[in-house]
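# Descriptive structure summary
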Amino acid sequence: MALPFSLIAQQKVKIVLKDNESGSMVKSSNATHLKKPIFEHQGATLSCDSALFYTERNIFEAFSNVHINQGDTINIYSDHLTYDGNTKIAHLTSNVRMIDRSSILTTNILDYNTGTKIGTYVDGGKIVNKDVTITSKRGFYLSSSDDAYFRFDVVAVTPQVRITSDTLRYNTKSNLVYFYGPTDIKGKEDNLYTENGAYNTKTEYAFFGKKNLYTNGARSLKGDSLYYDGIKGIGKAVRNIVFRDTSDKTVMYGQLGFYYRADERALVTKNPYVGLGTADSVKINGKMRLDTLWLGADTLETQKVLQKKLVLIASPVLSKDNELADEEPKEPAVPKPTVPVTPLTDSLSLKPKTKEPEKNPSKPDKAERKRKRDKDKTVLAPDSLSKTTTALDSIPLKVPDSLTQKANLLKTDSLVRKTDSLQKKTDTLARKALSQAKGASNALKPAVKAALKKPGLKDSILKDTTITSPADTIRTRIIKAYHNVRVFKSNMQAVADSLFYTSADSTLRWYGKPILWSQNSQQTGDTIYLRLRNKKLHTMQTLRNSFLVNVNSDSAKFNQVKGKLITAFFTNGEISNVFVDGNAESVYYNMNKDSAYTDMNQTVSSRIKILFKNKKITKLSAIKNPEGARTPMGELKEDIILTGFIWKPELRPLSKKEVINGKPKPKPTAKTPAAKKPVAQKIPKTVSEAKLPLSPGALKKQATDALKKVVPAATTTVKKADSLISKEAPAVQQILKKSLDTAKADSLIEKLQPAPSKKQ
C-alpha cells in the first residue's frame, strides 16, 4: 500500500554516526560529545575535529576542520557547522569554502541543503573559476545545474571585462552570464550597458535585449537588440538603432546596423538616414529652428580616417566683380623641423669649416669697399688693447711717422706671438679631447653592437627618431551612401545612386545620374559637388553633361543651360551666380514688366554667365565667342528643347519622411466591376431540352410562360422593322419613281424612232 505524499515528507531519516575516536555523554544538554566523528546522512559524509550529537533531535554541532563531502563532486569546508537531519540543512560559519568540479565559493556564512544541493549566502560571497570571479551581497548556488544566482552589488571580473550588475546568473559549465537588471560591461576600450541579456565570459559573445547602449570613446550605438562579439570587435543592432559620435556631432539612424571596432566604422543597411547640422534656419510652426540636412539611402557607412589619405576638392572662388576666379589656394605645407648639427671642431674652435658666401666680382661687397677706403690708414690694435689705444689717441701729441711705424710693428709682433701661444694651447686641448672621445667610443662599441642585435630595437630607434608632421595624424569624418541616395534640406534636395562626404572639405559628392533641386532650378550631370562653408550652402559644381533647367512657378516655359562644367554660387541659401563653361548653350525666355513673355533667346558660347534674384533669372550673358538668335513669341511655332533635357520633379524629396522611407508608392486605383450583360434566355424547342416534367398541366404552364416571353420580344422586333421601313420609305419611293420615269422615257423613244426600211 502506497503512503500519501505528505506522510513521506514527514518521514525522518536518522543521522548515522559511522566512526569516532571517543565519546562522552553531556547530561546537561542531553548530547554526546564526540572526537573525530564521521557522520553519514543520505549520501553525504560529514566529519570534524569534535562534535555535540543530539541523537533524539537528529541534530549535531561540529567544530574545527568541518568537511562535508557529497558524491565526490562537492566538498564544503568551514570552522563551524550546525546540521539538522530533519531539514537536511547545514548551517556553516567562518571561513566557508564550497568546492565543486569547476569553481570555488567562499563566504563567512553558508546554508547548504544536502537534499537539493543548493547553497545560499546573505552576507557577501565570492565564486571563482578559471574564467571569472564574481562577488555579491547575496547568492544562491545550485550544484546540480551548475547555476549561481547573485543579487545586490554584483561584480564579475574576467581578463577582458569588468561586469557590474544588480541581478545576475552565472552557469559555471557554459560560462554564460545572464543579466536581469541594470548592468555595465566595461572593457579595455569600450563599455556595454543593458538591463536584460547574456554574456559568454569565454567567447566574449553578448546579447542585450532592453535599454541597450554600446560606447567606445566618443562613439555610441544603441538599439532594441544588440549583439556583440568581443573577440572580433563587431557589434550588431536591430530596430530603432542610433549611432552617435559626439566628437563631430554625427548622428545616424536606422533599423539594422553594424559597428566595427578595429576601424571605428558604422554600417546601417535598413532605413538608414543621417542628419548633418547646418547654420541655416527655417521657420517651423512659427518658430525658427536649425535647418538640418537629412541624408538617406539603401546603405549608409561612416567612419573616421586619416585626412592625408583623402583627395580633397578645392572650392571655386567668386571675385569682387562677380567673375569666376581661380580656385582657393591650398594651405602651405608645414615644413618639417630640422635639428641643427654643430661640428666637433666648431665647439673646440679648431679651424671651423664655414662656407663663405660667393662674391659677385661686378659688385664688391661692403667689406671690400671699406678695405679699399682704409687701405692707407693705420691698422688698429685688437679688442683686448682697444681701451689703451683709445686713450693714447685722445692725447694731443704729434708723433713722428717713423716712431709710429715702429710702435705698430712692435704691437703687431707681440699680438702674433700671443695668438700663436693660444693656438698651441688650444690644439693641445683639442687633441686631448679627441683622444678621450675616441677611447669612450671604442669602449661603447661592444655594448652598442650587442644592443643592436636585440630584435625590434632598430625599428624602435627608427620609429622614435622619425619626424612626423601634425597634419599626418589628423582624422576626419567620412560618410558613404549606396543606392537610391536621397537628400532633403529646406532650400536644397537631391537624388543619386551614390554619395561621398568628408568633413575635411565639407563637400557632398553625388555620383550615378545625380539630380539636384534648388528653388525653381534643377541640376543634372555625371557628377555633382556641393560644398558647405560655415555650415551653409556655398558652391556647386556639375561635371560632364551638365544641364540646368529653371522654370518660373507661374509658367510652363523651361529656361535651359548646358555645358561641360556648371559652377554655381549661393548667397543666403539661394543660387545667385552661375557660370557655364565648355560648349555652353542656352535657351532663355525674356519677360516684360507685366511678366509676359516677349521673345526667346538661343545662345551658343564658350562661357555663359547667369544672374539670379528672387529665385528667377534676371540676366543671361554670353562671355566668350557668342552666337545667338532672338525669336519673338509670335513667331515661335514650338518650344525649343536642348539635347539632354531632363525634367523629373516627381523624384524630388519633399520631406524628411521621404528621405527615410523613400517616395510613397501610388495607391492602386480600385477597379470598378464590369456590368454583367443580361443573358438571353434560351427558349427550349423540345421537351427534352426544356427538361420539363411529363405532367400535362405542368407542360401547359411551361409553354404558356415561354410564349409570354417570346411574344413581347417578337412584337418589339416587328415594331422596330416598321419604324425602319417608315423611315426609309420616302427614299425607296424616290428610287422607284426614278426607275418608272426611266422606263416610260425608253418606251417613248422607241415609239418616236422611224421604222427601218426594207431591203430591195
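You'll find the structure just up there.
The sections below set out a description of the structure shown in this document. Just so it is clear, the structure is predicted and the values come from calculations on it, not from any experiment.

## Focus on unusual backbone geometry
One non-glycine residue, Lys-117, lies in the positive phi region at around 60°. Residue position: Lys-117 is located in the loop between strand E10 (104-113) and strand E11 (118-121). For Lys-117, a relative accessible area of 29% gives the class partly exposed. Despite not being glycine, Arg-239 shows a phi value in the positive range, around 70°. Tracing the chain through its elements places Arg-239 in strand E25 (residues 234-245). When its relative accessible area of 42% is taken as the criterion, Arg-239 is described as partly exposed.

## Considering the environment of Thr-45
Along the chain, Thr-45 falls in strand E5 (residues 44-47). Distance from Thr-45 to Asn-69, taken between C-alpha atoms, is 5.2 Å for residues 24 residues apart in sequence. When residues no more than four places from it in sequence are discounted, the contact partners of Thr-45 are Ile-38, Phe-39, Glu-40, His-67, Ile-68 and Asn-69.

## What about the nonpolar core?
Among the nonpolar cores identified, the biggest contains 91 residues, and Phe-60, Leu-81, Leu-92 and Trp-510 are the most heavily contacted of them. With residues near it in sequence (within four places) discarded, Trp-510 still touches Val-485, Val-487, Met-492, Ala-494, Ala-496, Ser-498, Leu-499, Leu-516, Asp-526, Thr-527, Ile-528 and Leu-530. Residues Phe-547, Val-549, Val-587 and Leu-642 belong to the second largest nonpolar core, which totals seven residues.

## Here we look at the side chain of Lys-562
Residue position: Lys-562 is located in strand E42 (residues 558-571). It is Glu-585 that comes nearest to the buried, bridge-free Lys-562 among opposite-charge side chains, at 4.2 Å. One polar contact links the side chain of Lys-562 to the main-chain carbonyl oxygen of Thr-643, over a distance of 2.9 Å. Setting aside residues up to four positions removed in sequence, Lys-562 forms contacts with Ser-546, Phe-547, Val-580, Asn-583, Ala-584, Glu-585, Leu-642 and Thr-643.

## Some remarks on the pattern of salt bridges
Under the defined criterion, the tally for this structure stands at 17 salt bridges. Residues Arg-151 and Asp-166 are paired through a salt bridge, measuring 2.7 Å at the closest nitrogen-oxygen approach. With Arg-151 in strand E15 (residues 147-157) and Asp-166 in strand E16 (residues 162-171), this residue pair connects regions lying 15 residues apart in the sequence. A salt bridge links Arg-509 to Asp-505, with the shortest nitrogen-to-oxygen separation between them at 2.4 Å. Residue Arg-509 shares its accessibility class with Asp-505, and that shared class is buried. Ionic contacts of the salt-bridge type, sharing partners, join the residues Asp-263, Arg-265 and Glu-301 into one network.

Parameters and conventions
- Residues numbered from 1 in each chain as written.
- Predicted model: local features only at pLDDT ≥ 70, side-chain atom pairs only at ≥ 80, totals over all residues.
- Heavy atoms only, no water.
- Helix = DSSP H or I, 4+ residues; strand = E, 2+ residues; numbered from the N terminus.
- Buried < 20%, exposed > 50% of the residue type's maximum accessible area, 1.4 Å probe, protein only.
- Contact = heavy atoms within 4.5 Å.
- Core = buried A, V, L, I, M, F, W, Y, C linked by side-chain atoms within 4.5 Å.
- Lys, Arg positive; Asp, Glu negative; His and termini not counted.
- Salt bridge = Lys/Arg side-chain N within 4 Å of Asp/Glu carboxyl O.
- Polar contact = N/O pair within 3.5 Å; in protein donor to acceptor, adjacent residues only side chain to side chain.

Keep in mind that these numbers describe shape and distance, not what the molecule does.
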